[in-house]
Amino acid sequence: MITYKHENYVREAIESILMQKTNFDFELIIANDHSPDGTDEVIRSIIASHPKGNCIRYFLHPSNLRIMPNFIFALKECSGEYIALCEGDDYWTDENKLQKQIDFLDNNKDYSGCFHNVIMINEMIPNFKPQPWRVYEKNDFELKDTFSKTALFHTCSFVFRKEFLQIPDWFEKVLSGDRALFSLVASKGRLKRIEGEMGVYRKNENGVTSTLSLKNYHKKNIELFRFFKTHFSNSYQNELNKMINYHRYEYLKLYVSKALKFLKLK
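Report follows, based on the coordinates. (Residues numbered from 1 in each chain as written. Predicted model: local features only at pLDDT ≥ 70, side-chain atom pairs only at ≥ 80, totals over all residues. Heavy atoms only, no water.)

## A look at the sheet that holds strand 2 (residues 28–32)
Inclusion rule: When DSSP finds two or more bridges between a pair of strands, those strands are recorded as paired. Secondary structure elements follow DSSP: runs of H or I of four or more residues count as helices, runs of E of two or more count as strands, with numbering from the N terminus. By definition, residues are in contact when any of their heavy atoms lie within 4.5 Å. The axes used here are C-alpha line fits, helices contributing only the stretch in contact, and every angle between their N-to-C directions lies in the interval 0 to 180 degrees.
Read from one edge of the open sheet, three strands run 1-2-3, paired in parallel fashion. Each edge of the sheet is formed by a strand with only one pairing partner; in this case those strands are strand 1 (2–3) and strand 3 (56–60). Where strand 2 lies against strand 3, five bridges are found, and the strand directions are parallel. Bridging across to strand 3, Ile30 finds its partner in Tyr58. Against the sheet, helix 1 (residues 10–18) contacts strand 1, strand 2 and strand 3, and its axis sits at roughly 165 degrees relative to strand 2. Along the sheet face, helix 2 (residues 39–49) touches strand 1, strand 2 and strand 3 and points at about 155 degrees away from the line of strand 3.

What follows is the structure, given as structure tokens:
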């Protein structure tokens, strides 16, 4: 769990993990990127008072590292056979989530990871009704499926084998490491969608996608797929070029739209 300015959310996130019922031991790595609010106090109070507080290994950085260095730091601290992800403003809703996903991976060695459906809530839209974040038409996915216009699945739903954790030199340069990680893991085996909605994605004003302009969003995706072109084999170049061209087209459309508005004002 990476967290930054999640004072109002992190308790729900942590408690949703500590409520997990499993037949195996797990630890919760929390990396707080020098939050300027009360996130640190909330985390420390849970560690001190929760019956499973000793499951938490907590790191508070003395200065702000930024998202990707903090994400890489947290990943490197993981020591278990599997890694599950949940950022500090999202949360899990099924107490058997981890058990279900680990059971699947234990019994299906040809899969490198698995995920599930999540519900999205949007705090920036008044009276927003919770809704499925994605609708899927299949359950099995491979590497080329992750080369999509938007993320294939949500971060808080992903569990993968730690042996497949890769952190290439370019990893720190991407906008958000989850999409890059999904593809890196998918290059080692198939991904499975587990039935059930077992988590919540909370869209709020502090989120990466909420604070990012559309131009930068498309620019960063172009960079990501260019990194993929150097990392993955030649057999995926066509798919990656299509994604680069898509984001380049969307990026240029924004410039044209801005120019037309300027001319209209003139």
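Picking up where we left off.
## Topic: unusual backbone geometry
Its identity is not glycine, yet Lys5 carries a phi of approximately 55 degrees, on the positive side. Tracing the chain through its elements places Lys5 in the loop between strand 1 and helix 1.

## With respect to the packing of aromatic side chains
Keep this limit in mind: Classification of ring pairs uses Phe, Tyr and Trp, with its six-membered ring standing for Trp, and accepts pairs whose centres are within 6.5 Å; under 30 degrees between planes counts as stacked, over 60 as edge-to-face, and the remaining range as tilted. Partly exposed residues are those whose accessible area sits between 20% and 50% of the maximum for their type, while under 20% is buried and over 50% is exposed, using a 1.4 Å probe and protein chains only.
Inspection of every chain in the model, using the stated rule, returns 20 aromatic pairs. Considering the side-chain rings of Trp133 and Tyr201, the 6.2 Å spacing of their centres and the 80 degrees angle between planes classify their relative orientation as edge-to-face. Remark: Tyr201 occurs in strand 10 (residues 190–203) and Trp133 occurs in the loop between strand 7 (131–132) and strand 8 (140–141); sequence separation between them is 68 residues. Each member of the pair, Trp133 as well as Tyr201, carries the same accessibility label: buried. For the ring pair Phe153 and Phe182, a centre distance of 4.2 Å and an interplane angle of 35 degrees mean the geometry is tilted. One end of the pair, Phe153, is in the loop between strand 8 and strand 9 (159–161); the other, Phe182, is in helix 5 (residues 177–186), with 29 residues separating them in the sequence. The burial state of Phe153 is the same as that of Phe182; both residues are buried.

## Considerations on the packing of helix 5 against helix 7 (residues 214–231)
Put simply, the rule is: When an angle is under 35 degrees it counts as roughly parallel; over 145 it counts as roughly antiparallel; between 65 and 115 it counts as roughly perpendicular; any other value is oblique. Working rule for handedness: look at the near helix, and if it is turned counterclockwise from the far one by less than a right angle, call the crossing left-handed; if clockwise, right-handed. Each residue gets one label: Ala, Val, Leu, Ile, Met, Phe, Trp, Tyr, Cys and Pro are nonpolar, Asp, Glu, Lys and Arg are charged, and the others, such as Gly, are polar.
Two elements in contact, helix 5 and helix 7, have axes separated by 11 Å at closest approach and are oriented at 25 degrees. On the basis of the axis angle, helix 5 is roughly parallel to helix 7. Seen along the crossing, helix 5 lies across helix 7 with a hand that is right-handed. Along the contact surface, helix 5 presents Arg179, Ala180, Ser183 and Leu184, while helix 7 presents Tyr217, Asn221, Leu224, Phe225, Phe228 and His231. Here the residues of the contact of helix 5 with helix 7 sort into six nonpolar, three polar and one charged.

## Section: the environment of Asp33
Note the threshold: Polar contact is defined as a pair of N or O atoms within 3.5 Å, subject to the rule that within protein one atom must be able to donate a hydrogen and the other to accept it, and that residues adjacent in sequence are counted only when both atoms are side-chain atoms.
In this fold, Asp33 is placed in the loop between strand 2 and helix 2. A C-alpha to C-alpha distance of 8.6 Å links Asp33 and Lys5, two positions 28 residues apart in sequence. With sequence-adjacent residues up to four places away left out, Asp33 is seen in contact with Thr3, Tyr4, His61, Ser63, Asn64, Leu65, Arg66, Ile67 and Asn70. Among the polar contacts listed, one links the side chain of Asp33 to the backbone nitrogen of Arg66, at a separation of 2.9 Å.

## Quick notes on empty space enclosed by the protein
Heads up, the rule is: For cavity detection a 1 Å grid was placed over the protein atoms alone, and a set of points counts as a cavity when a 1.4 Å probe fits there but cannot get out; an open set counts as a pocket when protein lies on both sides within 12 Å along at least five of seven lines, with lining residues being those that have an atom within 4 Å of a point. Grid points are joined across faces, edges and corners, and a volume is the space filled by probe spheres set on the points.
All told, the structure shown has two cavities of 30 Å³ or more when counted by the stated rule. Of the pockets and cavities examined, the largest cavity occupies roughly 50 Å³. Around the largest cavity, the lining residues are Ile2, Ile67, Met68, Phe71, Glu87, Thr155, Ser176, Gly177 and Asp178. Elements that contribute at least two residues to the lining of the largest cavity include exactly helix 3 (67–77) and helix 5. Looking at side-chain class alone, the lining of the largest cavity contains four nonpolar, three polar and two charged residues. A volume near 40 Å³ is recorded for the second largest cavity.

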